[in-house]
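Residues per chain are reported as follows:
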Amino acid sequence: MAAEWVCVQRQQDECRRYLDQFKVLDHPLKQSTITVLESRGTRSKVPTAANGISLSSSNSAAMSAAALSLDPLNIAFDGSDPLSQFAKQQATSLGKDPLSRMVAEMESVDSVAIKSTPLGHRNSTGKAKEPTNLLELDLIEPWAARRGAILNKYTTSEKLSIVTSFLTGGETIKPQTTMSEKVKYRLEQLDDFDEGSVRQMLDLSQQEYVVKIEQLNHELVQAWNQDQRVKALKIAIQCSKLLSDTSVIQFYPSKFVLITDILDIFGRLVYDRLRTKADYVHPGTREMTSLPENFTPEMVPESAKETCQNWFYKIASIRELLPRLYVEIAILRCYSFLAQDEFGLALRRLTKMIRGIGDPLVAIYARCYLCRVGMSLTLDRTYIGENLDDILTVYHTIYNGGIRSEIARHRITLNGYIALYLPALDWILQGAAILTTDNQLDDILQRCKEKKNPALLLQSMMQSFRSDFIASRATHFVQILSSISVEGLSRGQLFRLLGSILSHTPPPPEQRVAVLTSAMKTISCLGNAEEFMQCAEMWAQYTSQHFGLKEVDAFLGNVLHQMTPNRLYEQHYHELQVIVDKIVSNAQDVHGILALDNFLPLLDLFQKETVKLDVCKNVLTSYRNATSCDNVIISDPIVTNALMYISRVLNDSVNALTGEDERRQISGLICHFIGKVDFGRDFEQQLAFYVEARSVLSNLDSALSTLIHSVNRLATRTRRIVKGQHTQKTAAFVKACAAYCFITIPSIIDVRTRMELYLQSGQVALLNVCLQHADSCFEAALNLIPEVPRMVESDGKVLSTEGFIKTFVVNFLSTLVIVPDNPTQGVLYLLRLLLDVMPRYPFEPNSNILSSIYLHVLDFLSVAAQEVYPYHIVNVISNDELYGSDPKFIAEVNELCCTICDKLLQHLKALLESNALRAQAQLALDLFLKIITGADLSVDKMFTLTVNLWNLAVKNRNVIEPKQLQTVVTYTEHLAQITHMESQRQCLWMLLEKMKSRI
């Protein structure tokens with residue numbers, strides 16, 4: 001044996017490292033003030049934190065000055081390099097010529113004058129810009145927001161056709177042979193300004209049709225850019241004619257969107273062209289300038305007015321009504337070049353012209369385009385009212401026999417045909433509601449409901465009118481929707497829409513009960529399960545937000561009553577899932593919702609496992625969101641059972657194929673629920689809950705870990721209540737808690753988690769004087785060390801577990817100090833077990849972790865040999881009291897120290913053979929410190945070993961930190977001064993002389 005270790009008795013503070021101490025006057029985080037001398041000699045104070053970070057953005061200038069004062073180079077160039085400084089000067093007025101500088105100064109003065117006015121949006125006179133049209137009021141949803149929804153909704157699988165002379169392909173339409181047909185064909189040629197043969201493209205799919213329309217759009221822009229104005233007009237006319245074709249009627253709204261996009265581009269091209277030709281001489285100057293944004297017709301030159309009139313004359317010569325209407329509407333903005341008040345007259349004239357269109361669907365979309373363009377031009381709303389009047393006048397024609405036969409020919413239902421009117425009608429009614437009083441809206445409502453089959457009008461009205469107007473008349477709307485004829489629409493669709501509105505804008509409190517009662521009465525009598533579920537899906541949020549548990553339970557009972565017969569719920573899983581989500585997420589009392597009589601039966605309707613899993617996960621997610629920010633706990637057994645049922649579903653869904661993210665998400669939800677359960681002082685019921693949860697949540701390591709932590713916390717709370725003095729009842733209870741943990745931990749898969757839980761459970765058992773349980777936990781934890789893999793994967797990275805092993809052992813040794821030996825196991829049997837299992841862990845070949853652990857074991861043994869340990873647990877007799885420094889016990893400790901020291905010396909030799917000089921020098925220094933701290937240096941072998949270790953470290957001083965040797969010398973000197981053993985003190989001084997002689 002190379003070492004002959006004999007532990008020394010020492011005072012508790014002798015082994016502490018000696019550190020230089022100095023007095024600190026200010027707290028590191030205390031706010032300080034820096035006084036900065038500015039260029040004029042004034043002083044400014046900059047509040048900063050201890051690290052120099054400014055605490056106030058308002059003092060940024062002073063802060064920058066302070067920063068500049070710290071660095072002379074920064075002073076010279078304002079914190080930038082010379083080239084950047086010169087470039088900055090060139091960008092400022094100093095780098096400009098005198099004329100440019102004068103212009104810049106004038107512009108800056110003008111900008112300051114404009115910015116000094118109270119409103120930010122200004123015109124040239126400095127006044128706030130007044131809105132010039134209805135769209136600028138921002139009271140209506142833009143058409144661009146509706147465009148995509150229309151194109152997605154109104155699609156077709158039927159074949160389409162297109163007639164044009166500007167696209168290649170298709171069949172040529174030849175003129176007829178009879179005289180009347182020849183005359184008709186020539187007139188059509190004049191109408192179409194035909195350059196070549198008109199071609200008809202047949203059997204186009206919807207996607208191909210859209211591509212052809214885009215090609216026409218491109219042809220129009222290209223023709224315009226090539227100064228072929230007539231060709232561009234011809235394309236616009238032919239595109240407008242396409243809107244008279246209703247052969248594929250279900251695609252008409254989307255066709256309207258595509259064609260009007262082209263017409264909008266044509267109108268903008270014409271307007272911009274006239275604008276460029278309308279340059280005028282600004283009063284007081286001789287230069288031609290472009291018209292300002294708010295120009296008046298008096299400012300427009302006569303040549304531009306004449307060109308504008310020519311455009312309108314060309315369009316007026318188009319013989320067919322529909323293209324003449326659409327093209328004139330497209331360039332309607334050009335009337336601003338002719339007369340001040342021409343918009344209103346033209347809009348009302350065009351409104352009357354639309355009366356000549358016989359097809360009500362074509363007519364209402366023409367009115368929609370007229371209103372859309374008109375609302376972007378003027379604040380006048382008279383024409384919108386006239387269009388609405390005309391729509392109401394001819395509304396009955398939508399349901400006449402001719403239309404019904406047309407619908408039958410197209411093989412679509414009346415409901416599908418009626419739905420085609422919604423985009424146009426919605427836009428017109430939304431425009432009619434702008435800046436309209438409630439009395440005027442009431443008048444529109446009264447006129448609409450008096451019509452036969454007013455369901456279309458009412459649906460569009462609810463989608464277009466202000467939600468507060470509808471909510472304040474919710475009772476009236478429910479009565480209307482319950483009694484009107486709904487041919488062409490479904491009553492459920494109307495109530496679904498009303499429920500959606502009331503969910504976001506609730507009616508007055510005095511109407512809420514009556515609205516819910518009447519609405520649910522009507523919805524329940526629809527006689528169609530699908531319509532009922534669509535309505536219930538929307539009214540669930542309204543019920544949950546504005547009513548108590550009684551009404552919500554009645555609502556859920558109604559849903560159960562409708563879905564249970566003939567297993568109808570199997571066809572409506574999605575709607576049921578939405579209802580559950582809205583009820584739970586919007587509930588004012590989520591615990592009360594979970595305790596409702598009809599809540600769990602509603603969850604039982606989900607027989608499909610994947611759907612049931614999603615529903616339960618959403619319920620627990622909503623519960624977590626509702627209870628994460630408060631201290632609400634669960635003590636109601638009904639609520640606990642409901643959440644336990646949901647947790648069981650989630651736990652049972654976890655298997656070997658479940659992803660790590662999914663497992664982590666489910667575990668987080670369940671752990672949150674477990675943490676919320678608290679039965680107060682009824683600890684036995686609390687433990688019973690944890691026992692039940694253990695049987696339910698067997699597939700989730702995180703949930704089991706949470707249960708073990710909760711039981712340990714429960715045992716600790718019990719000890720705190722009895723103030724460490726257990727009675728027979730509380731002692732039995734904490735033993736039950738310890739047994740629970742010991743039994744549960746083996747169910748966890750991850751070996752590292754098991755080790756940590758065994759250690760923690762043993763510590764809690766020791767705290768509660770359950771010594772046998774503590775020994776069992778510690779022994780089980782140590783036996784798991786060989787099972788820990790060398791490498792593990794965490795978050796996609798492969799990491800070594802050596803760091804975990806070291807941390808675990810250090811924690812265990814600090815606990816082992818106060819663990820008394822089991823009389824049947826021998827002296828320090830847990831430490832001997834640790835020393836036995838540690839070499840069986842697969843350490844890396846060049847790892848220093850094992851030697852580091854042995855050094856910590858020496859620390860533990862040094863403490864174990866003391867007469868009084870540094871800390872104790874009440875009512876636990878540690879080894880210092882158990883053995884009373886018995887010589888046999890001390891001999892066992894010294895023997896273990898010698899064994900550990902020999903292993904460290906063997907490791908030093910192995911490091912020398914592998915030429916690991918740095919690791920060898922560091923280990924030599926560490927062992928040197930352990931020896932002078934805990935071993936008796938009066939033993940010749942140990943003194944000699946200490947000198948040899950120091951010489952080895954000094955020999956390799958070039959591979960260790962330069963100040964490390966001096967720090968060790970200082971610490972040795974400190975020990976020599978404070979040690980109370982004379983022999984130890986003399987040996988330390990002798991050692992110091994040898995140490996200093998080698999430095």
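Residues numbered from 1 in each chain as written. Predicted model: local features only at pLDDT ≥ 70, side-chain atom pairs only at ≥ 80, totals over all residues. Heavy atoms only, no water.

Participant: Where do I start with the overall build of the protein chain in this structure?
Facilitator: Scanning the protein chain for helices and strands turns up 45 helices and nine strands. In the protein chain, which comprises 999 residues, the share counted as buried stands at 47%. Pairs at least 24 apart in sequence give 72% of the contacts found in the protein chain among residues at least 6 apart. In the structure as shown, the protein chain presents an accessible area of about 49,700 Å², 53% of it carried by carbon and sulfur atoms. (Helix = DSSP H or I, 4+ residues; strand = E, 2+ residues; numbered from the N terminus. Buried < 20%, exposed > 50% of the residue type's maximum accessible area, 1.4 Å probe, protein only. Contact = heavy atoms within 4.5 Å. Areas by Shrake-Rupley, 256 points an atom, 1.4 Å probe, with all protein chains shown as cover.)

Participant: How do you make sense of the packing of helix α30 (residues 637-652) against helix α31 (residues 660-676) when you look at a structure like this?
Facilitator: A pair of packed helices is characterised by two quantities: the angle between their axes and the separation of those axes. Across the interface, α30 lies against α31 with an axial gap of 11 Å and an inter-helix angle of 160 degrees. The angle between α30 and α31 falls in the class roughly antiparallel. You can see that α30 and α31 cross each other, and the crossing is left-handed. Contacts from Thr640, Leu643, Met644, Ser647 and Leu650 of α30 reach α31 at Ile666, Ile670 and Phe673. Its residues assigned to classes, the contact of α30 with α31 comprises six nonpolar, two polar and no charged. (Axes fitted to C-alpha atoms, helices over the stretch in contact; angles between N-to-C directions. Parallel < 35°, antiparallel > 145°, perpendicular 65-115°, else oblique. Left-handed = near helix turned anticlockwise from the far one by under 90°. Nonpolar A, V, L, I, M, F, W, Y, C, P; charged D, E, K, R; others polar.)

Participant: Looking at this structure, I do not really get the pairing of strand β8 (residues 791-794). What am I missing?
Facilitator: Side-chain positions along a regular strand alternate between the two faces of the sheet. The pairing of β8 with strand β9 (residues 797-800) spans four bridges and is antiparallel. Counterpart to Val792 in the pairing with β9 is Leu799. The antiparallel hairpin formed by β8 and β9 contains two residues in its connecting segment, where Asp795 sits at a positive phi of about 55 degrees. (Pairing = 2+ DSSP bridges.)

Participant: Looking at this structure, I do not really get the nonpolar core. What am I missing?
Facilitator: What tends to happen in soluble globular proteins is that the nonpolar side chains get buried as a cluster. Judged by nonpolar contacts, the single largest core of 315 residues is most densely connected at Phe266, Tyr417, Trp539 and Leu831. Among the elements that line this core, the one with the most residues is helix α9 (residues 252-277), at 13 residues. (Core = buried A, V, L, I, M, F, W, Y, C linked by side-chain atoms within 4.5 Å.)

Participant: Just to check I follow, could you spell out the packing of helix α24 (residues 529-546) against helix α26 (residues 573-585) for this structure?
Facilitator: Contact pair α24 / α26: the axes reach a minimum separation of 8 Å and the direction vectors enclose 5 degrees. Relative to α26, the element α24 lies roughly parallel. Only Glu575, Leu576, Val578, Ile579, Lys582 and Ile583 of α26 make contact with α24, whose side of the interface consists of Met533, Ala536, Glu537, Met538, Ala540, Gln541 and Ser544. Here the residues of the contact of α24 with α26 are counted per class, giving eight nonpolar, two polar and three charged.

Participant: Would you take a moment to explain the packing of aromatic side chains for this structure?
Facilitator: When we look at a pair of aromatic rings, we describe it by the centre distance and by the angle of the planes. Counted according to the given criterion, the structure contains 28 aromatic pairs. Between the aromatic rings of Tyr417 and Tyr421, the centroid separation amounts to 5.3 Å while the plane-to-plane angle is 80 degrees, which identifies the pairing as edge-to-face. Comparing Tyr417 with Tyr421, the two get one shared label, buried. Members of the aromatic cluster, each reached through a chain of ring pairs, are Trp143, Tyr252, Phe256, Tyr326, Tyr365, Tyr369 and Trp427. Stacked on the ring of Trp224, the Lys or Arg Arg229 has its end atom at 4.5 Å from the ring centre. (Phe/Tyr/Trp six-rings, centres within 6.5 Å; stacked < 30°, edge-to-face > 60°. Lys NZ or Arg CZ within 6 Å of the ring centre and 35° of its normal.)

Participant: Help me understand the pattern of salt bridges, please; the structure alone is not making it clear to me.
Facilitator: Proximity of charged atoms lets side chains of opposite charge pair with each other. One pass over the full model with this rule turns up 28 salt bridges. Note that Asp390 and Arg355 form a salt bridge whose closest N and O atoms lie 3.0 Å from each other. Pair noted here: Asp390 is in helix α14 (residues 382-393) and Arg355 is in the loop between α12 (342-354) and α13 (360-375), with a separation of 35 residues, a long-range link. When salt bridges with common partners are traced through the structure, they connect Asp438, Asp442, Arg466, Asp468 and Arg473 into a single cluster. (Salt bridge = Lys/Arg side-chain N within 4 Å of Asp/Glu carboxyl O.)

Participant: How do you make sense of helix α43 (residues 940-955) when you look at a structure like this?
Facilitator: Note that an α-helix has 3.6 residues per turn; residues three or four places apart therefore point the same way. Its 16 residues give α43 an end-to-end C-alpha distance of 22 Å, which sits within 8% of 22 Å, the value for a rise of 1.5 Å per residue. Among the residues of α43, those classed as buried are Met942, Phe943, Leu945, Thr946, Val947, Leu949, Trp950, Ala953 and Val954. On the buried face of α43, the contacting elements are α41 (887-913), α42 (917-934), α44 (964-978) and α45 (982-998). (Expected span 1.5 Å × (residues − 1).)

Participant: Help me understand helix α32 (residues 683-696), please; the structure alone is not making it clear to me.
Facilitator: If you check α32, its first and last C-alpha atoms are 20 Å apart, about what 14 residues at 1.5 Å a residue would give, namely 20 Å. All buried positions along α32 are accounted for by Phe683, Gln686, Leu687, Phe689, Tyr690, Ala693 and Val696. Tucked into the core, α32 has its buried residues touching α30, α31, α33 (701-722) and α34 (728-744).

Participant: Any chance you could explain unusual backbone geometry here in plain terms?
Facilitator: Trans peptide bonds make up the majority, and among non-glycine residues the majority have a negative phi. Positive phi, normally seen in glycine, also occurs at Asp138, with a value near 55 degrees. Mapped onto the elements, Asp138 comes out in the loop between α4 (98-115) and α5 (143-153). Its identity is not glycine, yet Arg411 carries a phi of approximately 55 degrees, on the positive side. Position of Arg411 relative to the elements: it lies in the loop between α15 (401-410) and α16 (414-419). A residue is classified by how much of its surface remains accessible, and Arg411, at 74% relative accessible area, is exposed.

Participant: Can you walk me through the side chain of Asn956 in this structure?
Facilitator: Inspection of the secondary structure assignment puts Asn956 in the loop between α43 and α44. Given the relative accessible area of 7%, Asn956 is considered buried. Once you skip the residues sitting within four places of it in the chain, Asn956 turns out to touch Leu917, Gln920 and Ala921.

Participant: Honestly, the environment of Val257 in this entry has me stumped. Any pointers?
Facilitator: Tracing the sequence through the fold places Val257 in helix α9. Put simply, Val257 and Tyr369 are 112 residues apart on the chain and 9.6 Å apart in space, counted from C-alpha to C-alpha. When sequence neighbours within four positions are dropped, the list of residues in contact with Val257 reads Trp143, Arg147, Ile150 and Leu151.

Participant: Teacher, can you tell me more about the confidence of the model for the protein chain here?
Facilitator: Any residue range with low pLDDT should be treated as having predicted coordinates unsuitable for detailed reading. In the predicted model, the protein chain carries a mean pLDDT of 84, and the fraction of residues at 70 or more is 84%. Within the protein chain, helix α1 (residues 60-69) has the poorest average pLDDT of any element, 37, and helix α35 (residues 751-767) the best, 96. When the criterion is pLDDT under 50, residues 90-127 qualifies, and its contacts beyond four places in sequence or with other chains add up to 17 contacts. (pLDDT = per-residue confidence, 0-100.)

Participant: What is the right way to read the state of the cysteines from this model?
Facilitator: Chemically, a disulfide is nothing more than a covalent bond linking the sulfur atoms of two cysteines. Evaluated as defined, the whole model comprises zero disulfides. A disulfide-free cysteine, Cys308 has its sulfur positioned 5.2 Å from the sulfur of Cys334, the nearest such atom. (Disulfide = S-S within 2.5 Å.)

Participant: I'm lost on the environment of Ser490 in this one. Help?
Facilitator: Residue placement: Ser490 occurs in the loop between α21 (474-483) and α22 (491-504). Here Ser490 falls in the buried class, since its relative accessible area comes to 15%.

Participant: Help me out: how do you make sense of the side chain of Thr730 in this one?
Facilitator: Relative to the helices and strands, Thr730 resides in helix α34. For Thr730, the side chain forms a polar contact with the side chain of His726, separated by 3.2 Å. Among all residues touching Thr730, those that are not within four sequence positions of it are Thr718 and Val722. (Polar contact = N/O pair within 3.5 Å; in protein donor to acceptor, adjacent residues only side chain to side chain.)

Participant: I tried to follow the environment of Ala587 on my own but got confused; where do I start?
Facilitator: Relative to the elements of secondary structure, Ala587 occurs in the loop between α26 and α27 (590-594). Placed 43 residues apart in sequence, Ala587 and Ser544 show a C-alpha to C-alpha distance of 5.3 Å. What Ala587 contacts, discounting residues up to four positions off in sequence, is Ser544 and Ile593.

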